[in-house]
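As a plain string of letters, each chain reads:
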Amino acid sequence: MEGLASSRVWFDFHSLLNSSYTQNPSSRSNFRKLISFPSAPIDGRRTTNSCVRSRSMNQLKSGTLVGSSIVDPSSESILDELKIKEWEIGALKDELAATQGIRIRRRPPTNPPLHYVGAFEFRLQNEGSSPRNILEEIVWNKDVEVTQMKEKHTIYSLKKALESVHPPRDFIGALKASYQRTGFPGLIAEVKKASPSRGVLREDFDPVEVAKAYEKGGAACLSVLTDSKYFQGSFENLEAIRNAGVQCPLLCKEFIVDAWQLYYARTKGADAVLLIAAVLPDLDIKYMIQICKMIGLTALVEVHDEIEMDRMLTIDGIELIGINNRNLETFKVDISNTKRLLEGERGEKIRQKDIIVVGESGLFTPADIAYVQEAGVKAILVGESIVKQKDPTQGIRQLFGKDISHP
């Protein structure tokens, strides 16, 4: 148990050492307090990492690696101190997220361990213990849900299962082909029964029939909600659609908080996943994009505002960016948000990087489609306006103002 705990602490410690967070002068102060090396340079060089790792492991073994106190090298004491370090690393991750403008907390704030004295001693004084908005509530619930699911499906079993899954379908290729064929943004049609803001959208909800209707209507790809608590979706829906012979590439519309979810989604038939910049720090986005490429998933990275867009444009490897027009705190929708985020230098960077932009939320009419297309959007993700129609195929025709189905 000691070995597992120390490995986990070291993994997080090493990741933070190499993160952009520790390049910030004010942040380095807390980081140095956390690792007990007042004079250690935090510059991410290999020699420094080796030195820090050697010193940290030696201090851990000798019982001296404790923010501002001395550790008794006994087994119980070391475990207590590892718990303290794990809590401090969690606090440091939250601080890292805050420096990147991330307002969504990954989990409820917790009090420090008993008798804690250290770099984050007064950090929780002004933090509430209730979710600030619906996205934060969903993320907190998802963190608990994923922890429980990981106990049933180990990462080893998921990697083994990947050996027998069907090859991934080309999500981006399908969007490009649709755009070239129709002259309209490629449609990612969303298979969604309900949402927290709108309630149940379709009472007679059959995910396979809805998916087939979308495909018949000309959808390039499908987005399948897999969150059960807030959207009444499921991974069973995703599997059922994949096994029903639907040819459209499938996006697993899930709230990703752990890399484990990427493997799980792939084993259930996903060709793409959603990564939300409002939830995931840059380090997580970079890491998850690497995993996606490794296991054959396309990553749709979602942004909501200028800060998130600017962050994502500094990350290499992003090919698909979704602009969500819904305000995370008020849930108000404004499609002019898409135009605003694609103007000026940002739009130029997107063109230089050859990134496909997906318009999301608030798209109900042909005029809405024309507006975001003129702004630079090459694909759209639409759910409510078509899933509520008695015939979703007809709903797609109404959305575009013409028939975009295959001849």
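A brief structural summary. Please read all numbers here as calculations on a predicted model, not as lab measurements.

What follows deals with the state of the cysteines. Any covalent bond linking the sulfur atoms of two cysteines counts as a disulfide. Considering all chains together, one arrives at 0 disulfides under this definition. In this structure Cys-248 is not part of a disulfide, and its nearest cysteine sulfur, from Cys-221, lies 6.6 Å away. Classification of Cys-248 by relative accessible area gives buried; the value is 5%.

With respect to the helices, strands and loops of the structure, Asn-337 is situated in helix H13 (residues 336-341). Overall, Asn-337 belongs to the buried group, its relative accessible area being 5%. A polar atom in the side chain of Asn-337 sits 3.1 Å from the backbone oxygen of His-304. Looking at Asn-337, its side chain comes within polar contact range of the main-chain oxygen of Asn-324, at 3.2 Å. With near-sequence residues (within four places) excluded, Asn-337 lies in contact with His-304, Ile-323, Asn-324 and Asn-325.

Mapped onto the fold, Val-279 is located in the loop between strand E6 (272-276) and helix H11 (282-295). According to the relative accessible area criterion, Val-279 is buried, its value standing at 2%. As for Val-279 and Val-257, which are separated by 22 residues in sequence, their C-alpha atoms are 7.6 Å apart. If near-sequence neighbours (up to four positions away) are discounted, Val-279 is found in contact with Ile-102, Ile-104, Arg-106, Leu-135, Val-139, Ile-256 and Val-257.

Bringing the sheet that holds strand E1 (residues 186-191) into the picture now. Each strand in a sheet pairs with another by means of backbone hydrogen bonds, the pair being arranged parallel or else antiparallel. With parallel pairing, 8 strands are arranged side by side around a closed barrel as E1-E4-E5-E6-E7-E8-E9-E10. Looking at each pair of strands side by side, their axes are set apart by 25° on average, direction ignored. Pairing geometry for strand E5 (residues 250-253) and E6, over 2 bridges, is parallel. The residue of E6 that forms the bridge with Leu-251 is Ala-272.

Moving on to the packing of helix H8 (residues 207-217) against helix H9 (residues 235-243). Between H8 and H9, the least distance of the axes is 9 Å, while the angle of their chain directions is 50°. Judged by the angle between their axes, H8 and H9 are oblique. Judged by the twist between their axes, the crossing of H8 over H9 is right-handed. On H9, the residues that touch Pro-207, Val-208 and Ala-211 of H8 are Asn-237, Ala-240 and Ile-241. Classifying every residue of the contact of H8 with H9 gives 5 nonpolar, 1 polar and no charged.

Our focus in this paragraph is the nonpolar core. Formed by 101 residues in total, the largest nonpolar core has its most connected members in Tyr-214, Leu-222, Leu-262, Leu-275 and Ile-380. The element contributing the most residues to this core is helix H5 (residues 134-152), with 7 residues.

Attention now moves to H9. Considered for burial, the residues of H9 that qualify are Phe-235, Asn-237, Leu-238, Ile-241 and Arg-242. Considered in projection along H9, the buried side chains sweep an arc of 155° and stay on one side of the axis. For H9, the exposed residues lying more than 90 degrees away from the buried face are Glu-236 and Asn-243. As for H9, its buried residues are in contact with E1, H8, strand E4 (221-225), E5 and helix H10 (260-267). For H9, the side-chain oxygen to backbone nitrogen distance between the N-cap and Glu-236 is 3.4 Å, and the N-cap itself is Ser-234. At the exit of H9 stands Gly-245, carrying a positive phi of roughly 90°.

Per the counting criterion, the structure on display carries 4 aromatic pairs. Their ring planes at 80° and their centres at 4.8 Å tell us that Phe-235 and Tyr-264 sit as a pair that is edge-to-face. In this pair, Phe-235 sits in helix H9 while Tyr-264 sits in helix H10, placing the two residues 29 residues apart along the sequence. Assessed through its relative accessible area of 9%, Tyr-264 is described here as buried. A network of ring pairs unites the aromatic residues Phe-235, Trp-260 and Tyr-264 as a single cluster. For the cation-ring pair, Lys-378 lies above Tyr-179, with the distance from its terminal atom to the ring centre recorded as 5.2 Å.

Criteria and thresholds
- Residues numbered from 1 in each chain as written.
- Predicted model: local features only at pLDDT ≥ 70, side-chain atom pairs only at ≥ 80, totals over all residues.
- Heavy atoms only, no water.
- Disulfide = S-S within 2.5 Å.
- Buried < 20%, exposed > 50% of the residue type's maximum accessible area, 1.4 Å probe, protein only.
- Helix = DSSP H or I, 4+ residues; strand = E, 2+ residues; numbered from the N terminus.
- Polar contact = N/O pair within 3.5 Å; in protein donor to acceptor, adjacent residues only side chain to side chain.
- Contact = heavy atoms within 4.5 Å.
- Pairing = 2+ DSSP bridges.
- Axes fitted to C-alpha atoms, helices over the stretch in contact; angles between N-to-C directions.
- Parallel < 35°, antiparallel > 145°, perpendicular 65-115°, else oblique.
- Left-handed = near helix turned anticlockwise from the far one by under 90°.
- Nonpolar A, V, L, I, M, F, W, Y, C, P; charged D, E, K, R; others polar.
- Core = buried A, V, L, I, M, F, W, Y, C linked by side-chain atoms within 4.5 Å.
- Arc of directions from axis to C-beta.
- Phe/Tyr/Trp six-rings, centres within 6.5 Å; stacked < 30°, edge-to-face > 60°.
- Lys NZ or Arg CZ within 6 Å of the ring centre and 35° of its normal.

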